[in-house]
Amino acid sequence: MAGEPAKVAEPELEYPERNWRGFFREHFGPSMLWALIGIGGSHIVLAPTLGGTFGLVAIWMFGLIYAAKYGAWELGIRYNYGAGANPIEAYDQLPGPKNWALWVTVLVFTGMYTFITASVGMNTAAFAAALTPEWFTATMAYVVFVGGAGLLVVVSRYDLLETALIGFTVALGVLVLLGALVGPPSGEVVAETMFAVPGLTDPAFVALFAAAAGFAPTGFSTSILIGSWSMAKGDGASELEEKGLDPHDPKHHDYIRAWIETGRRDFNIGYAFSFLLIVSMVVLASNVLYPNPPTDANLAFAIGSILSDSFGEWSYYAMLLGGFAALYSTVITLLDGSARATGDILPLALENDDIDSERVRKLVVLGVVVGSSAMVVALGEVPVTLLLYVAALLAVTEIFFYPANWYVVEKNLPEPFRPSRAWHAYYVVSLVLVLVFGAMGAAVRLGLIG
């Protein structure tokens, strides 16, 4: 009718692909990046150590850990697509002193990641030393490779190297999965270890389980990293906000629900892949190493031999090269991820948008490289011991991210996308288990056990 204002057409929304082909073409990715950064200390060192110590019962240990820790990342994915942001952006809402959670996060990504880099880097150096002349020691390898990684991250010229390392890591993953099928443990080992629950107060069990709980599949802080990768796609509630639409409007709820389900599907695939690979490493270790787990002195040799029964002598060098690639790619991701996260979080913590995030990023990389190198030089070549120590510490320090993610989900998501009663029950049970894991790690680190 003449005189009436013209209706403005609402922006068209792009729903996720429903079929598997479209999913893998358009939406698959962030979870595999997450899974690949986890194929480091937990898969290459801890899984063979637990398998070599306890045999196949280690599968149940890792199964409990994966089941308990899933919730922290599920909440992060739910927030990514339901609120259209990274959970860290809402950490200033947590009850308590102003911005305390942001400062805790900064401390984790600087101080704690220095310890993690030292532990994973020392294991990387052990593999590098096994592939090079005898005069090239593991300590020298650490300074060369971790220092080189820091330089590459600072100048952002590591894409080609990282792609190559990921390629080797994927090849190693396929080889390990096939190896577990070709060379399973003997019937005797299966019968002896599959259900042989260790003494729950035994110092060796507590120390190794606490370490596995800290590192497997990765630390909870990676929910911040996967949030960044997920948000880079610009889907879910973030697309609504970009187009000036209200995520709380009921007419957009089907759209948000579809994206939460898609994000969760992506993560579930990466999570399942990570678990299958760690189980395969336990199977191989139970076949080749049990009851003699890797030690500081023979780490690279022991891990290198893990595929020998499946594929023969040539696999020794394939395993060394693949293990090095997996660990070194983790080092690069740790340096880059911790630096970028700190550069993004510090302006939020200080409430100052004028902070030069790029300068912060470079300073964090330098600090982590120098601090971790000093630690390694002072400690000497103790790759397994350091990894077990840091992993148990991680079981304590990263618990915080689980309830933090839960709180911001409940506070910020539209009501239809908040967790159901069934999810609440799961979160409570799993969080209790995570707290128990942390208590075990604390007991080990405080010397109360062992």
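What counts, and at which threshold
Residues numbered from 1 in each chain as written. Predicted model: local features only at pLDDT ≥ 70, side-chain atom pairs only at ≥ 80, totals over all residues. Heavy atoms only, no water. Helix = DSSP H or I, 4+ residues; strand = E, 2+ residues; numbered from the N terminus. Rg over C-alpha atoms; globule rule 2.2 N^0.38 Å. Buried < 20%, exposed > 50% of the residue type's maximum accessible area, 1.4 Å probe, protein only. Axes fitted to C-alpha atoms, helices over the stretch in contact; angles between N-to-C directions. Parallel < 35°, antiparallel > 145°, perpendicular 65-115°, else oblique. Left-handed = near helix turned anticlockwise from the far one by under 90°. Contact = heavy atoms within 4.5 Å. Nonpolar A, V, L, I, M, F, W, Y, C, P; charged D, E, K, R; others polar. Phe/Tyr/Trp six-rings, centres within 6.5 Å; stacked < 30°, edge-to-face > 60°. Core = buried A, V, L, I, M, F, W, Y, C linked by side-chain atoms within 4.5 Å. Salt bridge = Lys/Arg side-chain N within 4 Å of Asp/Glu carboxyl O. Polar contact = N/O pair within 3.5 Å; in protein donor to acceptor, adjacent residues only side chain to side chain. pLDDT = per-residue confidence, 0-100. Expected span 1.5 Å × (residues − 1).

Student: Can you help me understand the overall build of the protein in this one?
Tutor: Per the secondary structure count, the protein includes 19 helices and zero strands. Relative to the 2.2 N^0.38 estimate, which gives 22 Å for 450 residues, the radius of gyration of the protein is 23 Å and therefore close to what a compact globule would have. With respect to the principal axes defined by its C-alpha atoms, the protein has extents near 85 × 50 × 45 Å. Counting every position in the protein, which comprises 450 residues, the buried fraction comes to 55%.

Student: Explain the packing of helix 6 (residues 138-155) against helix 15 (residues 314-350) to me, please; I cannot follow it from the model alone.
Tutor: Packed helices, taken two at a time, are described by the angle between their axes plus the distance between the axes. At a closest axis distance of 9 Å, the pairing of helix 6 and helix 15 adopts a crossing angle of 45°. Relative to helix 15, helix 6 is oriented oblique. Between helix 6 and helix 15 lies a crossing whose hand is right-handed. Seen from helix 6, the contacting residues are Phe145, Val146, Gly148, Ala149, Gly150 and Val153; seen from helix 15, they are Phe324, Tyr328, Val331, Ile332, Leu335 and Asp336. Classifying every residue of the contact of helix 6 with helix 15 by side-chain character gives nine nonpolar, two polar and one charged.

Student: Could you clarify how one ought to interpret the packing of aromatic side chains in this entry?
Tutor: Each aromatic ring pair is described using two quantities: the centre-to-centre distance and the angle formed by the ring planes. Inspection of every chain in the model, using the stated rule, returns 39 aromatic pairs. Seen in terms of ring centroids, Tyr15 and Tyr255 are 5.2 Å apart; in terms of plane orientation they differ by 85°. Their pairing is edge-to-face. Here the residue Tyr15 occupies a position in the segment before helix 1 (20-26), and Tyr255 occupies one in helix 12 (residues 253-288), the gap between them amounting to 240 residues. Look at Tyr255 and you get buried, because its relative accessible area is 0%. An angle of 80° between the planes, with centres 5.8 Å apart, marks the rings of Tyr91 and Phe400 as edge-to-face.

Student: How should the packing of helix 2 (residues 30-38) against helix 10 (residues 222-231) be read in this particular structure?
Tutor: Contact pair helix 2 / helix 10: the axes reach a minimum separation of 9 Å and the direction vectors enclose 145°. Two packed elements cross with a definite hand, and for helix 2 against helix 10 that hand is right-handed. Contacts between helix 2 and helix 10 involve Pro30, Ser31, Leu33, Trp34 and Ile37 from the former and Thr222, Leu225, Ile226, Trp229 and Ser230 from the latter. Its residues placed into classes, the contact of helix 2 with helix 10 shows seven nonpolar, three polar and no charged.

Student: Would you take a moment to explain the nonpolar core for this structure?
Tutor: A general tendency of soluble globular proteins is for nonpolar side chains to be buried together. If you look at the biggest cluster of nonpolar residues, it comprises 149 residues, and the most contacted ones within it are Ile44, Phe62, Tyr91, Ile116 and Phe215. Examining the composition of this core, we find that 17 residues originate from one element, helix 15, more than from any other. In this structure Ile44 touches Ile39, Phe127, Leu172, Met281, Ile303, Gly323, Ala326 and Leu327, once residues within four positions along its chain are discounted.

Student: So what exactly am I meant to see when it comes to the pattern of salt bridges here?
Tutor: Pairing between side chains of opposite charge can happen when the charged atoms of each approach one another. All chains considered together, the criterion is met by nine salt bridges. Ionic pairing is found between Glu74 and Arg264, a salt bridge with its closest N-O pair at 2.7 Å. Of this pair, Glu74 sits in helix 4 (residues 58-83) while Arg264 sits in helix 12, and the two are 190 residues apart along the sequence. Since its relative accessible area comes to 1%, Glu74 is described here as buried. The salt bridge involving Lys243 is made with Glu239; its shortest N-O contact spans 2.9 Å.

Student: Just to check I follow, could you spell out the side chain of Thr218 for this structure?
Tutor: Within the secondary structure, Thr218 is located in the loop between helix 9 (203-215) and helix 10. On the basis of relative accessible area, Thr218 is assigned to the buried category, the value being 8%. Of the polar contacts made by the side chain of Thr218, one reaches the side chain of Thr222; its length is 2.8 Å. Discounting chain neighbours no more than four positions away, the residues touching Thr218 are Trp34, Ile37, Gly38, Lys69 and Trp73.

Student: How should the confidence of the model for the protein be read in this particular structure?
Tutor: Detail in the predicted coordinates should be disregarded across regions flagged by low pLDDT. Taken as a whole, the protein shows an average pLDDT of 91; of its residues, 97% reach a score of 70 or greater. Looking over the protein, one finds the lowest element-wise mean pLDDT in helix 2, namely 82, and the highest in helix 18 (residues 401-412), namely 97.

Student: Any chance you could explain the side chain of Thr342 here in plain terms?
Tutor: With respect to the secondary-structure elements, Thr342 resides in helix 15. A relative accessible area of 2% means that Thr342 is categorised as buried.

Student: Any chance you could explain helix 7 (residues 159-182) here in plain terms?
Tutor: Residues spaced three or four apart along an α-helix point in a common direction, a consequence of the helix completing one turn every 3.6 residues. Compared with the 34 Å implied by 1.5 Å per residue over 24 residues, the 34 Å span of helix 7 between its first and last C-alpha is a close match. Those residues of helix 7 not exposed but buried are Glu162, Leu165, Thr169, Leu172, Gly173, Leu175, Val176, Gly179 and Ala180. Lining the buried residues of helix 7 we find helix 2, helix 3 (41-54), helix 12, helix 14 (308-311) and helix 15.

Student: When you look at unusual backbone geometry in this model, what are you seeing that I'm missing?
Tutor: The phi torsion of most residues other than glycine is negative, and most of the peptide bonds are trans. The omega torsion of the bond from Ala216 to Pro217 falls at -15°, within 30 degrees of zero and hence cis. Note on placement: Pro217 falls in the loop between helix 9 and helix 10. With an omega of 5°, the peptide bond running from Tyr290 to Pro291 counts as cis. Tracing the sequence through the fold places Pro291 in the loop between helix 12 and helix 13 (299-304). Non-glycine residue Asn99 carries a positive phi angle of around 60°. Judged by relative accessible area, which is 7%, Asn99 ranks as buried. The phi angle at Glu351 is positive, at roughly 55°, despite the residue not being glycine.

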